[in-house]
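Listed below, chain by chain, are the residues.
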Amino acid sequence: MTEPVQWLADGSPHSLRFNDRYRSRTGGLAQALTVFVMACGLPQGWRGRDEFTVLETGFGLGLNFLATWAAWEADTQRCERLHFVSVEAYPVAPADIVRNALAPGAPDDANPQLQARLPALAQELARAWQNLRPGLQQFDFAQGRVRLTLAVGDVQTVLAELDCVADAVYLDGFSPALNPAMWSFATLQAVAQRCHAGTTLASYSVALEVRESLKQLGFSVRKRAGLPPKRHRLEALLQADVI
Ligand SMILES: C[S@@+](CC[C@H](N)C(=O)[O-])C[C@H]1O[C@@H](n2cnc3c(N)ncnc32)[C@H](O)[C@@H]1O
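For clarity, every value in this text was computed on a predicted model and none was experimentally measured.

Novice: Would you mind showing me how to read the nonpolar core here?
Specialist: Most often, soluble globular proteins keep nonpolar side chains buried together rather than apart. Among the nonpolar cores identified, the biggest contains 79 residues, and F65, L66, L125, L214 and F219 are the most heavily contacted of them. Take this core: its biggest share by element is 8 residues, from helix α2 (residues 63–74).

Now the structure itself:
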């Protein structure tokens, strides 16, 4: 059984379970690139590396994954292998992933080269996205150079099962007020325990409790100008390993 996605009149995907949008109403790709990919210092961060690992909370419609894959593919100095690890309790149907990639928001805000690649990458993902089970699943793309590890289950449970070291983190649960489990101290601590000194972290949320938890866990946190209609976004950097 896949999670139903409600497509609103403005074209944006909405969750009935959480009563929130999966992405910004204006420019989903622009949001993925500005709020997550570039805010984590990419593509520069993966250059010169054999492998680079992104850890995400909330796979949703996979737009952040597809945008990261497209940015990696377009970068002539990309790392050898990109590993994208993401957590999702309620996987959607592959048709919704493709639909979202076909119209990921206002085209003028985004990078047209990357935007043009999204439908094909989404089709590849959708073909692989079959018979998902609870627990860890791996999908390889780009001749094995792009690996997606999807942890299907509740964030707390599956983070505990994840053995990875993240170089960058995307925090992308629904709004903290509507989806507190994704932003609890225990969740952020489990994320931080899978990071290293120098791991970059990004989110659209600048909720005070989120910023305070991240600071307590050893991140330096900055509130940056957001992508309209959001006023702010968050960038953070882990200062020292978390035990
Ligand atoms: C804003 S959406 C993610 C959008 C996604 N990053 C993208 O690029 O399309 C948040 C996601 O978090 C998932 N989620 C919410 N609560 C969760 C939980 N307790 N454990 C795991 N996933 C959860 C939702 O099902 C939803 O898909």
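Now that the structure has been shown, we can carry on.
Novice: Looking at this structure, how should I read helix α7 (residues 208–216)?
Specialist: Working note: α-helix, 3.6 residues per turn, so residues spaced by three or four point in the same direction. Listing the buried residues of α7 in full gives V210, R211, S213 and L214. Buried residues of α7, viewed axially, fall in a sector of 165°; they line one side. Along α7, exposed side chains directed more than 90 degrees from the buried face belong to E209 and Q216. On the buried face of α7, the contacting elements are β8 (166–171), α6 (185–192), β9 (195–203), β10 (219–225) and β11 (232–238). Once α7 finishes, G218 follows within two positions and takes phi at roughly 105°, a positive value.

Novice: Mind showing me how you'd approach the environment of Q137 here?
Specialist: As for its placement among the helices and strands, Q137 is situated in strand β6 (residues 135–141). The exposure class of Q137 is buried, given its relative accessible area of 6%. Residues Q137 and P176, spaced 39 residues apart in sequence, show a C-alpha to C-alpha distance of 27 Å. Apart from the residues lying within four places of it in its own chain, the contact partners of Q137 are N131, L132, L148, T149, L150 and V152. Within polar-contact distance, the side chain of Q137 engages the backbone oxygen of R133 at 2.7 Å. Looking at Q137, its side chain comes within polar contact range of the main-chain oxygen of G135, at 3.1 Å.

Novice: I keep staring at the site of the ligand and nothing clicks. Help me out?
Specialist: Residues in contact with the ligand amount to 22 residues; listed here are only the nearest, G58, N64, E88, D154 and D172. In this structure, an oxygen atom belonging to the ligand sits 3.0 Å away from a main-chain N or O atom of L61. At 2.9 Å from a nitrogen atom of the ligand is found a main-chain nitrogen or oxygen belonging to V155. Residue assignment for the shell around the ligand shows that the elements contributing at least two residues are α2 and β5 (81–88).

Novice: Looking at this structure, I do not really get the packing of α2 against helix α4 (residues 112–128). What am I missing?
Specialist: The relative placement of two packed helices comes down to the angle between their axes together with the axis-to-axis distance. Contact geometry for α2 and α4: axes closest at 9 Å, N-to-C directions at 120°. On the basis of the axis angle, α2 is oblique to α4. Between α2 and α4 lies a crossing of right-handed hand. From α2, L63, F65, L66, A67, W69, A70, A71, E73 and A74 reach across to α4, where they touch Q113, L114, R117, L118, L121, A122, E124 and L125.

Novice: Explain the packing of helix α1 (residues 28–37) against α2 to me, please; I cannot follow it from the model alone.
Specialist: Where α1 meets α2, the closest approach of the two axes is 9 Å, and the angle between their N-to-C directions is 75°. In terms of orientation, α1 and α2 fall into the roughly perpendicular class. Contact residues: α1 offers G28, L29, A32, L33, F36 and V37, while α2 offers L63, N64, A67, T68 and A71. Per-class residue counts for the contact of α1 with α2 are 8 nonpolar, 3 polar and no charged.

Novice: Teacher, can you tell me more about the pattern of salt bridges here?
Specialist: Opposite charge on two side chains permits them to pair, given that their charged atoms come into close proximity. Using the criterion set out here, one finds 12 salt bridges in the structure. Residues E73 and R117 are paired through a salt bridge, measuring 2.7 Å at the closest nitrogen-oxygen approach. Taken as a pair, E73 in helix α2 and R117 in helix α4 lie far apart in primary sequence, 44 residues in all. R222 is the salt-bridge partner of E235, the closest N and O atoms lying 3.2 Å from each other. Within this pair, whereas E235 is found in strand β11, its partner R222 is found in strand β10, the two being separated by 13 residues in sequence. Members of the salt-bridge network, linked through shared partners, are R222, R224, R233 and E235.

Novice: Help me out: how do you make sense of the sheet that holds strand β2 (residues 13–15) in this one?
Specialist: Strand order in this open sheet of 3 strands is β1-β2-β3, and the pairing throughout is antiparallel. The sheet is open, and its two borders are formed by β1 (6–7) and β3 (20–21), each paired with just one other strand.

Novice: How should I be thinking about the packing of aromatic side chains in this particular structure?
Specialist: The description of two aromatic rings rests on the distance between their centres and on the angle between their planes. One pass over the structure, following the stated rule, counts 14 aromatic pairs. Seen from their ring centres, F84 and Y170 are 5.8 Å apart, and the 65° between their planes marks the pair as edge-to-face. One end of the pair, F84, is in strand β5; the other, Y170, is in strand β8, and 86 residues separate them in sequence. Note on accessibility: F84 and Y170 belong to one class, buried. Aromatic pair W129 and F139: ring centres 6.4 Å apart, planes at 25°, arrangement stacked. Pair noted here: W129 is in the loop between α4 and β6 and F139 is in strand β6, with a separation of 10 residues, a long-range link. Assigned by exposure class, W129 and F139 land together as buried. For the cation-ring pair, R17 lies above Y90, with the distance from its terminal atom to the ring centre recorded as 3.7 Å. A cation over a ring is seen here: R78 above W72, with NZ or CZ 5.1 Å from the ring centre.

Definitions and cut-offs
Residues numbered from 1 in each chain as written. Predicted model: local features only at pLDDT ≥ 70, side-chain atom pairs only at ≥ 80, totals over all residues. Heavy atoms only, no water. Core = buried A, V, L, I, M, F, W, Y, C linked by side-chain atoms within 4.5 Å. Buried < 20%, exposed > 50% of the residue type's maximum accessible area, 1.4 Å probe, protein only. Helix = DSSP H or I, 4+ residues; strand = E, 2+ residues; numbered from the N terminus. Arc of directions from axis to C-beta. Contact = heavy atoms within 4.5 Å. Polar contact = N/O pair within 3.5 Å; in protein donor to acceptor, adjacent residues only side chain to side chain. Near = heavy atom within 4 Å. Axes fitted to C-alpha atoms, helices over the stretch in contact; angles between N-to-C directions. Parallel < 35°, antiparallel > 145°, perpendicular 65-115°, else oblique. Left-handed = near helix turned anticlockwise from the far one by under 90°. Nonpolar A, V, L, I, M, F, W, Y, C, P; charged D, E, K, R; others polar. Salt bridge = Lys/Arg side-chain N within 4 Å of Asp/Glu carboxyl O. Pairing = 2+ DSSP bridges. Phe/Tyr/Trp six-rings, centres within 6.5 Å; stacked < 30°, edge-to-face > 60°. Lys NZ or Arg CZ within 6 Å of the ring centre and 35° of its normal.

Don't take any of this as a statement about function, it's just geometry.
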